[in-house]
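Listed here are the chains, written in short residue letters.
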Amino acid sequence: MRLKIWGARGSVPAPGPETIGYGGNTSCVQVTLDDGTQIVLDAGTGIRGLGVALKAEAPLIHILLTHLHLDHIQGLVFFAPAFRPTSKIMVWGPSSPEGSLEDRIARYISAPLSAIEVRELPCDVSFLDAPDTEWSIGGAQIRAGSVAHRGPTLGYRITEGDTSLTYISDHEPSLGTPLDSIEPDWISGYELAHDASLLIHDCQYTDDEYPLHEGWGHSSVSDSLLFAQRVAAHRVLLFHHDPMHTDAMLDAIGEAALERWRALGGDPDQIEMAIEGEEFDLQGADTDSSVAPAAAGR
């Protein structure tokens with residue numbers, strides 16, 4: 001299983017010279033299975049670059065949406081394969097009593113917010129509620145589960161052989177719960193993330209910022225690390241960076257995270273800040289990473 005980070009920012013794109021190191025695009029992670037199957041986690045603005053990079057002959061693309069906040073779907077209308085008649089795209093996402101996944105996405109891909117309508121896309125596209133039970137995509141098993149965030153929101157676990165990736169981009173597991181002592185059954189996202197080879201997890205706020213944003217659906221540095229410790233993830237990428245956090249601030253947050261992780265008794269090699277352009281090759285229970293040229297300077 002290979003993956004590439006196409007967008008690691010949260011809430012709103014944040015392009016500019018002060019954010020170029022970690023990237024300004026919103027959430028999007030490409031997963032390529034061993035058989036070449038393409039899975040895309042979220043469709044933030046990062047999916048635009050991914051669509052340009054994907055070969056035109058890619059026969060089928062699965063997009064797994066965690067939720068329908070704008071920073072996670074706004075790239076859909078700029079995704080090049082969606083405008084190719086030869087493309088087949090399956091979009092999975094959370095169910096809601098408010099309407100079908102297609103109808104809810106069509107609120108964005110429609111006038112006056114978009115120049116086109118969902119029904120006008122020339123590709124073969126389908127919109128499906130993520131099943132309550134595990135299902136297969138290519139050679140991988142996919143599991144979705146509700147997590148603590150505003151509105152219907154999912155986390156995903158992708159398992160291929162003995163390799164597992166858990167992606168929980170927007171998450172506030174500490175809301176009303178002491179993560180260091182609560183029973184696992186009461187921790188949001190625990191089963192999805194337990195013993196994952198790699199956990200990609202929300203870390204939007206510093207510990208000082210979090211009290212002003214409690215209940216907004218995102219994690220502080222300390223809570224992200226406590227969650228990672230409790231689920232015994234083998235490696236952790238801290239993700240969904242706040243748009244106000246410059247490269248210098250994220251460097252400082254990363255250093256603070258390493259110190260906090262050491263204090264929890266963890267190996268500092270297990271913790272990284274997600275960087276746009278970074279690539280990973282996941283192998284078994286351990287995770288070996290190679291950094292793309294665009295991210296090599298961090």
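In the block above lies the structure referred to throughout.
Here's what I pulled together on the structure shown here. No experiment lies behind these values; they were computed from the predicted model shown.

Thresholds, definitions, all that
- Residues numbered from 1 in each chain as written.
- Predicted model: local features only at pLDDT ≥ 70, side-chain atom pairs only at ≥ 80, totals over all residues.
- Heavy atoms only, no water.
- Helix = DSSP H or I, 4+ residues; strand = E, 2+ residues; numbered from the N terminus.
- Buried < 20%, exposed > 50% of the residue type's maximum accessible area, 1.4 Å probe, protein only.
- Contact = heavy atoms within 4.5 Å.
- Areas by Shrake-Rupley, 256 points an atom, 1.4 Å probe, with all protein chains shown as cover.
- Lys, Arg positive; Asp, Glu negative; His and termini not counted.
- Charge placed at Lys NZ, Arg CZ, Asp CG, Glu CD.
- Core = buried A, V, L, I, M, F, W, Y, C linked by side-chain atoms within 4.5 Å.
- Pairing = 2+ DSSP bridges.
- Axes fitted to C-alpha atoms, helices over the stretch in contact; angles between N-to-C directions.
- Expected span 1.5 Å × (residues − 1).
- Arc of directions from axis to C-beta.
- Parallel < 35°, antiparallel > 145°, perpendicular 65-115°, else oblique.
- Left-handed = near helix turned anticlockwise from the far one by under 90°.
- Nonpolar A, V, L, I, M, F, W, Y, C, P; charged D, E, K, R; others polar.
- Polar contact = N/O pair within 3.5 Å; in protein donor to acceptor, adjacent residues only side chain to side chain.
- Disulfide = S-S within 2.5 Å.

In this section: the overall build of the chain. Each helix and strand in the chain was counted, giving five helices and 15 strands. Its C-alpha atoms put the chain at 55 × 40 × 40 Å along the principal axes. Taken across its 298 residues, the chain has 57% of its residues classed as buried. When contacts within the chain are restricted to residue pairs at least 6 apart in sequence, those whose partners lie at least 24 apart make up 67%. Only carbon and sulfur atoms are counted for the fraction: they give 52% of the accessible area of the chain, which is about 12500 Å². In the chain, the 18 positive side-chain charges and the 44 negative ones have mean positions that sit 5 Å from each other.

As a further point, take the nonpolar core. Core analysis: the biggest nonpolar cluster contains 30 residues, and Leu-3, Val-31, Ile-158, Leu-165 and Ile-200 have the highest contact counts within it. Ranked by size, the runner-up nonpolar core spans 27 residues in total, among them Leu-179, Leu-192, Phe-227 and Ala-257.

A word on the environment of Leu-225. Mapped onto the elements of the fold, Leu-225 is located in helix H4 (residues 221-231). For Leu-225 and Lys-88, which are 137 residues apart along the polypeptide, the C-alpha to C-alpha distance reads 38 Å.

Another point: the sheet that holds strand S9 (residues 154-160). The seven strands lie next to each other as S7-S8-S9-S10-S11-S12-S13, forming an open sheet whose pairing is mixed. Looking at which strands have only one partner, the edges of the open sheet turn out to be strand S7 (135-137) and strand S13 (271-273). Neighbour-to-neighbour, the strand axes of this sheet turn through a mean angle of 20°, independent of strand direction. Both strand S12 (residues 236-239) and S13 contribute to a ladder of three bridges, which runs parallel. Of the residues in S13, the one forming a bridge with Leu-238 is Met-273. Contacting strand S10 (163-168), strand S11 (198-202), S12 and S13, H4 runs over the sheet at an angle of about 150° to S11. Docked against the sheet, helix H5 (residues 247-263) engages S12 and S13, running at close to 170° with respect to S13.

Time to look at H5. The terminal C-alpha atoms of H5, which comprises 17 residues, lie 24 Å apart, in line with the 24 Å expected from a rise of 1.5 Å per residue. Where H5 is concerned, the buried positions are Asp-247, Leu-250, Ile-253, Gly-254, Ala-257 and Trp-261. One side of H5 carries all its buried residues, which in axial view fall inside an arc of 110°. In H5, those exposed residues whose orientation departs by more than 90 degrees from the buried face are Ala-248, Glu-255 and Ala-263.

Take the packing of H4 against H5 next. Packing of H4 against H5 leaves a shortest axis separation of 10 Å and a crossing angle of 45°. It follows from the interaxial angle that H4 and H5 lie oblique. As H4 runs across H5, the sense of the crossing is right-handed. When H4 is examined against H5, the residues Val-221, Ser-222, Leu-225, Leu-226, Ala-228 and Gln-229 are found in contact with a partner set consisting of Ile-253, Ala-257, Arg-260 and Trp-261. Its residues assigned to classes, the contact of H4 with H5 shows seven nonpolar, two polar and one charged.

Inspection of the secondary structure puts Ser-219 in the loop between S11 and H4. Taking the relative accessible area as the measure of exposure, Ser-219 reaches 1% and is therefore buried. Residues within four places of Ser-219 in sequence aside, it is in contact with His-171, Glu-172, Pro-173, His-201, Asp-202, Cys-203, Gln-204, Tyr-205 and Ser-224.

Let us look at the side chain of Thr-32. Along the polypeptide, Thr-32 turns up in strand S2 (residues 28-32). A residue is classified by how much of its surface remains accessible, and Thr-32, at 9% relative accessible area, is buried. For Thr-32, the side chain forms a polar contact with the side chain of Gln-38, separated by 3.2 Å. When near neighbours in sequence (up to four residues on either side) are disregarded, Thr-32 contacts Met-1, Arg-2, Thr-37 and Gln-38.

Another aspect to go through is the state of the cysteines. Scanning the model with the defined rule gives zero disulfides in all. No disulfide involves Cys-28; its nearest neighbouring cysteine sulfur is the one of Cys-123, lying 16 Å away.

What follows is about the pairing of S9. A large share of S9 lies buried, amounting to six of its seven residues. As defined by bridge partners, strand S8 (residues 140-146) adjoins S9 across six bridges and the pair is classed as antiparallel. Paired with Ala-144 across the bridge in S9 is Tyr-156. Where S9 meets S10, five bridges bridge the pair, whose relative direction is antiparallel. Across the sheet, residue Ile-158 finds its bridge partner in S10, namely Leu-165. Between S9 and S10, which follow one another and run antiparallel, lie two residues, and Gly-161 among them has a positive phi close to 65°.

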